[in-house]
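Commentary on secondary and tertiary structure
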Amino acid sequence: MAATDTAYDADFRTGQIKVHAPADFDGMRAAGKLAAECLDMLTPHVVPGVVTDDLDRLAREFILDRRAIPACLGYRGYTRTLCISPNHIVCHGIPGERTLREGDIANIDVTVIVDGWHGDTSRMYGVGPVAPRAKRLIDVTYEAIARGIAAAQPGARTGDIGHAIQTYVESMRCSVVRDFCGHGLGKVFHDAPNILHFGQPGTGDLLRPGMFFTIEPMVNLGKYQVKLLSDGWTAVTRDKSLSAQCEHSIGITETGNEVFTASPTGQFKPPVISA
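Let us look at the structure shown here. (Residues numbered from 1 in each chain as written. Predicted model: local features only at pLDDT ≥ 70, side-chain atom pairs only at ≥ 80, totals over all residues. Heavy atoms only, no water.)

1. Observations concerning the environment of Pro217
- Mapped onto the fold, Pro217 is located in the loop between β9 (212–215) and β10 (218–220).
- For the pair Pro217 and Cys72, spaced 145 residues apart in the sequence, the C-alpha separation amounts to 19 Å.
- Those residues in contact with Pro217 that sit more than four places away from it in its chain are Thr141, Ile145, Ile165, His197, Ala244, Gln245 and Cys246. (Helix = DSSP H or I, 4+ residues; strand = E, 2+ residues; numbered from the N terminus. Contact = heavy atoms within 4.5 Å.)

What follows is the structure in C-alpha cells.
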C-alpha cells in the first residue's frame, strides 16, 4: 500500500529512519514470502467474470489460515484485505461487487503481518488477452521497478532510486505518479523514509545497511495527475488513461539489497490468463 506524506499516516510514522539489526532480516523474509505466496495463490483466480470481493475473501482466508494478520483490514477504517485497482485506477481500489472483464489489467496489493513484521507487495494481472498498449505499460512498469531496485545500494540516496525510475519511464513516453510514494516499513506499516519515484540523483536520504522500505512505482500511459474519489481511498488518473503499479519490500545490505517479496514460484510477472 502506497504512502503519502499527509495525516493519512500520521498515527504510524515516527519521522525517524530505522536501521535494523541483521537478525531482523529473518522476520522480513518470512513476512515478504507469505505476501508473495498470497499473490501467487490468486493468479489462477484472476479470470474474466471474477468478482473482486471474492478475490479479497480468498486472500483473507489464505492469510488467516497461516496464522498471519491482513495488515490492511481495519487500517484507518479500511474494510478489505486487498487493494484491487483495475485499468485507470492508480491505487487503493476497494474490492466489492465489481467484476473483472476480459481485457482488463489490475494491480493487486497485499500486506501481511507475520510475528509483527510487515510484508507489502503488489503486482499486475492481465484478465484474458490484453491490448498491446496495456501489455507495454506493464512491461515498462516492471522494468522501472527493476531499475529502482538496482539503484538502491548502500551509500546511494533515495533520489537515486526516483531518478532511475523517472528517467526510464519518461523515455518510454509514460509518466510517473507524484502523489504516492514508497515508504519505510518493518514492525511499522508506514514509516520513514519516503521513497519518491521521481527525483534527482545524489539527493534525499542516505541508504544504509539495515534500512527496510518499499519501492512501488505507479506508471500512467497518459499524464501523471491523479484524483481521489469520494470514498477517500480510490485514486484514479485524471485523464482516465491506464495505470500500472508493482511493489516490492526490500532491505539494504552491506553489499546491495535483498528483495523480501520475490515470488517463491517465479511469478513476479503473472501470465496473462485466458478465460
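2. Brief notes about the packing of helix α3 (residues 132–151) against helix α4 (residues 158–171)
- Look at α3 against α4: their axes get within 8 Å of each other, and the N-to-C directions meet at 150°. As far as their axial angle goes, α4 and α3 are roughly antiparallel. Crossing hand, α3 versus α4: right-handed. Across the interface between the two elements, Val140, Glu143, Ala144, Arg147, Gly148 and Ala151 from α3 touch Asp160, Ile161, Ala164, Ile165, Tyr168 and Val169 from α4.
- Looking at the contact of α3 with α4 residue by residue, the class counts come to 8 nonpolar, 1 polar and 3 charged. (Axes fitted to C-alpha atoms, helices over the stretch in contact; angles between N-to-C directions. Parallel < 35°, antiparallel > 145°, perpendicular 65-115°, else oblique. Left-handed = near helix turned anticlockwise from the far one by under 90°. Nonpolar A, V, L, I, M, F, W, Y, C, P; charged D, E, K, R; others polar.)

3. Here we look at the packing of helix α1 (residues 24–42) against helix α2 (residues 52–65)
- Contact pair α1 / α2: the axes reach a minimum separation of 10 Å and the direction vectors enclose 140°. One finds that α1 runs oblique with respect to α2. When you trace α1 past α2, the crossing you get is right-handed. Contacts from Leu34, Glu37, Cys38, Met41 and Leu42 in α1 reach Leu55, Leu58, Ala59, Phe62 and Ile63 in α2.
- Its residues assigned to classes, the contact of α1 with α2 shows 9 nonpolar, no polar and 1 charged.

4. Considering the sheet that holds strand β6 (residues 175–176)
- Spatially, the 3 strands line up as an open sheet ordered β6-β10-β13, and their pairing is antiparallel. Of all the strands in the sheet, just β6 and β13 (243–245) have a single pairing partner and so form its edges.
- Here β6 pairs with β10 via 2 bridges, running antiparallel. Residue pairing in the sheet places Val176 in a bridge with Val219 of β10.
- Contacting β10 and β13, α3 runs over the sheet at an angle of about 35° to β13. (Pairing = 2+ DSSP bridges.)

5. Comments concerning the pairing of strand β8 (residues 191–195)
- Of all the 5 residues making up β8, 5 are buried; the element is thus mostly covered by neighbouring parts of the structure.
- In this structure, strand β7 (residues 182–184) lies alongside β8, joined through 3 bridges in antiparallel fashion. Bridge assignment links Gly184 to a residue of β8, and that residue is Asp191.
- In this antiparallel pair of consecutive strands, β7 and β8, the connection spans 6 residues. (Buried < 20%, exposed > 50% of the residue type's maximum accessible area, 1.4 Å probe, protein only.)

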